[in-house]
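One-letter residues, chain by chain:
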Amino acid sequence: MPAATISRMGNTQVQQLEIHGGKVLNGTVEISGSKNGSLPILFASILAEEPVTLRNVPPLSDIHTTLKILSELGLSVESQGEVDADGLTIRIAAAGELEATAPYDMVRRMRASICCLGPLLARQGRARVSLPGGCAIGDRPVDLHLKGLRALGADIRIEHGYIEARADRLVGATTYLSGPFGPTVLGTANVMMAASRAEGVTTIEGAACEPEIRGLARFLQALGVPVEGAGTHQVRIEGQPNLRGADFTMPPDRIEAGTYILTGALAGGEIRVEGCDPSELRSLFDVLERMGVPHEIGEDYVIVTGVPRLKPVDVATLPFPGFPTDLQAQLMAVLTRAQGIGLITEKVYPDRFMHVAELNRLGARIRKEGPTAIIDGGHRLSGADVMASDLRASASLVMAGLIAEGTTRIHRIYHLDRGYVNMEKKLNRLGAKIERIHDESGV
Ligand code: EPZ
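Residues numbered from 1 in each chain as written. Predicted model: local features only at pLDDT ≥ 70, side-chain atom pairs only at ≥ 80, totals over all residues. Heavy atoms only, no water.

## Some thoughts on the domain arrangement of the protein
By a frequent convention, interface size equals the accessible area lost on bringing the separate parts together. Heads up, the rule is: Start and end points for every domain follow an automatic or database-based domain assignment. Any pair of residues with heavy atoms lying within 4.5 Å of one another is described as a contacting pair. Accessible area, probed at 1.4 Å, shrinks when two parts are joined; the buried area is that loss added up over both. Each salt bridge in this description consists of a side-chain nitrogen of Lys or Arg and a carboxyl oxygen of Asp or Glu lying within 4 Å of one another. Polar contact is defined as a pair of N or O atoms within 3.5 Å, subject to the rule that within protein one atom must be able to donate a hydrogen and the other to accept it, and that residues adjacent in sequence are counted only when both atoms are side-chain atoms. Only DSSP runs of H or I reaching four residues or more are called helices, and only runs of E reaching two or more are called strands; each is numbered from the N terminus. When residues are sorted by character, Ala, Val, Leu, Ile, Met, Phe, Trp, Tyr, Cys and Pro go into the nonpolar class, Asp, Glu, Lys and Arg into the charged class, and all the rest, Gly among them, into the polar class.
Here the domain parsing of the protein yields domain 1 (3-32 + 253-438) and domain 2 (35-249). Relative to domain 2, the C-alpha centre of domain 1 lies at a distance of 29 Å. Listed per partner, the contact involves 33 residues of domain 1 and 31 residues of domain 2. Where domain 1 abuts domain 2, roughly 2700 Å² becomes buried across the two surfaces, and 54% of that area is made up of carbon and sulfur atoms. Here domain 1 is connected to domain 2 by two salt bridges. Taking the shortest distance from any N to any O, the salt bridge between Asp 62 and Arg 418 comes out at 2.8 Å. Remark: the boundary between domain 1 and domain 2 carries six residue pairs in polar contact (both at pLDDT 80 or more). Per element, the largest residue contribution to the side of domain 1 that touches domain 2 is four residues, and it comes from helix α1 (residues 3-9). Looking at side-chain class alone, the side of domain 1 that touches domain 2 contains twelve nonpolar, six polar and 15 charged residues.

Set out below in structure tokens:
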């Protein structure tokens, strides 16, 4: 991969966004390739004997971190395309013996690095991956990942903050992967990847149904692995001794699409969200209907029209096809504008509310009561300095800044750059006024 591309994707300079609020947004926004779809697929490339070509990979810092991990594990990684372009083409080849350790320094930066555990174990017979540890959206255990891999015959111990996994051979089995908060997306992905090279058939019961799991299944099929049932709670994988290469295009990012659809409800005008898959966004359309937001659903686009008065709603986040936790913070920004009391109950990550205090700094009136946020909407927001705490919280602050009077400065926007391709450029094309500037405060 050209060094310039790598360093620009992993740009660590301290920057902030300065948003001059009050502009009505109109026009078309193009959706990039899916971040959460790409991450497990990039790690699944470890399984292939032959080179893999991945297209429409979004140029994001989480992708950069993943490519760095793959390089350090000994895979050859080449990237074509500019960081400013919408999608990269990545070629990955895993010839010969690989490193089996993913160190703390890598994994702490991106929790999805846990996804190298299954493929490394399946290919190398061993893997040593740092335990991810805490995270701004709450407690995020990996017990279900380990349970699934143990069911395939892996011997797994936790030593000195590392998951030490070994298996002379993995053998297909039936395992149940739901926990107290429902199925696990990356846990399902990890076990699917390990099962792809196990002897015999693996059945995952209580599997995650998220579109990212269907995307991974399509990729594993392209590598020659029979996979059935992806997108349902029962996934069946017939392991293969050798996996071929593939040429695969990443699907569009449903959360990015949802973010711009909610931005249309908040600050449109009329926004056309182009190049998305509306079949993945039904729960969002239900919420739009209940809020009284007009929207037109096409085959690969959605047009959303802002209205002067929004009705408040009562929404719970749930695993797919329920309303996504990854759109919870953005919906909260919209509900600050609704006339009356809105409720959001977080059922996937009950502590994912770091944005509440920051939205309140902008004048929102939100109270947290256990896993529920009570949003007293319809009060004027006014620009202020706020701090991004995680990826989706950052997006909600940008959205609130769009309707706040005066100037909002968002610090720590490296969170935003983990998951949104050129967000301020895309919004400026719709008529927003956002500048990315060096953050003198250095936070
Ligand atoms: C994925 O994380 C996404 N990340 C998250 O998106 C998303 O919020 C989440 O799924 C839920 O949709 C990526 O795809 C890279 P989970 P994942 O395992 O798979 C509990 C974003 O903003 N659990 O499905 O790690 C867990 O604590 C990110 O883009 C266990 O109890 O989430 C949670 O309550 C943030 N034990 C629930 O399950 C386990 O072993 C669902 O988590 C694993 C999870």
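Structure shown, so let's carry the discussion forward.
## Section: the pattern of salt bridges
Pairs can form between side chains of opposite charge whenever their charged atoms are close. Just so we agree on the cut-off: Burial here depends on accessible area, computed with a 1.4 Å probe over protein chains only, as a share of the maximum for the residue type. Under 20% is buried, over 50% is exposed, and the range in between is partly exposed.
Scanning the entire structure with this criterion turns up 22 salt bridges. The closest approach of N and O atoms between Arg 128 and Glu 164, which form a salt bridge, is 3.0 Å. Residue Arg 128 is located in strand β7 (residues 126-130), and its partner Glu 164 is located in strand β9 (residues 162-166); the two are separated by 36 residues in the primary sequence. When its relative accessible area of 25% is taken as the criterion, Glu 164 is described as partly exposed. When salt bridges with common partners are traced through the structure, they connect Glu 18, Asp 385 and Arg 409 into a single cluster.

## Considerations on the packing of aromatic side chains
Just so we agree on the cut-off: Centre distance within 6.5 Å is the pairing criterion for rings of Phe, Tyr and Trp, where only the six-membered ring of Trp is used; planes under 30 degrees apart are then read as stacked, over 60 as edge-to-face, and the remainder as tilted. Over a ring means this: the NZ of a Lys or the CZ of an Arg is within 6 Å of the ring centre and within 35 degrees of the ring normal.
All told, the structure shown has one aromatic pair when counted by the stated rule. Note on Phe 219 and Phe 248: the rings are 5.4 Å apart at their centroids and 75 degrees apart in plane angle, and the pair reads as edge-to-face. With Phe 219 in helix α8 (residues 211-222) and Phe 248 in strand β16 (residues 246-249), this residue pair connects regions lying 29 residues apart in the sequence. As far as the burial class goes, Phe 219 and Phe 248 line up, both buried. Arg 128 extends its terminal NZ or CZ atom over the ring of Tyr 162, reaching a point 4.0 Å from the ring centre. Here Arg 272 stacks its cationic end above the ring of Tyr 301, 4.0 Å away from the centre of that ring.

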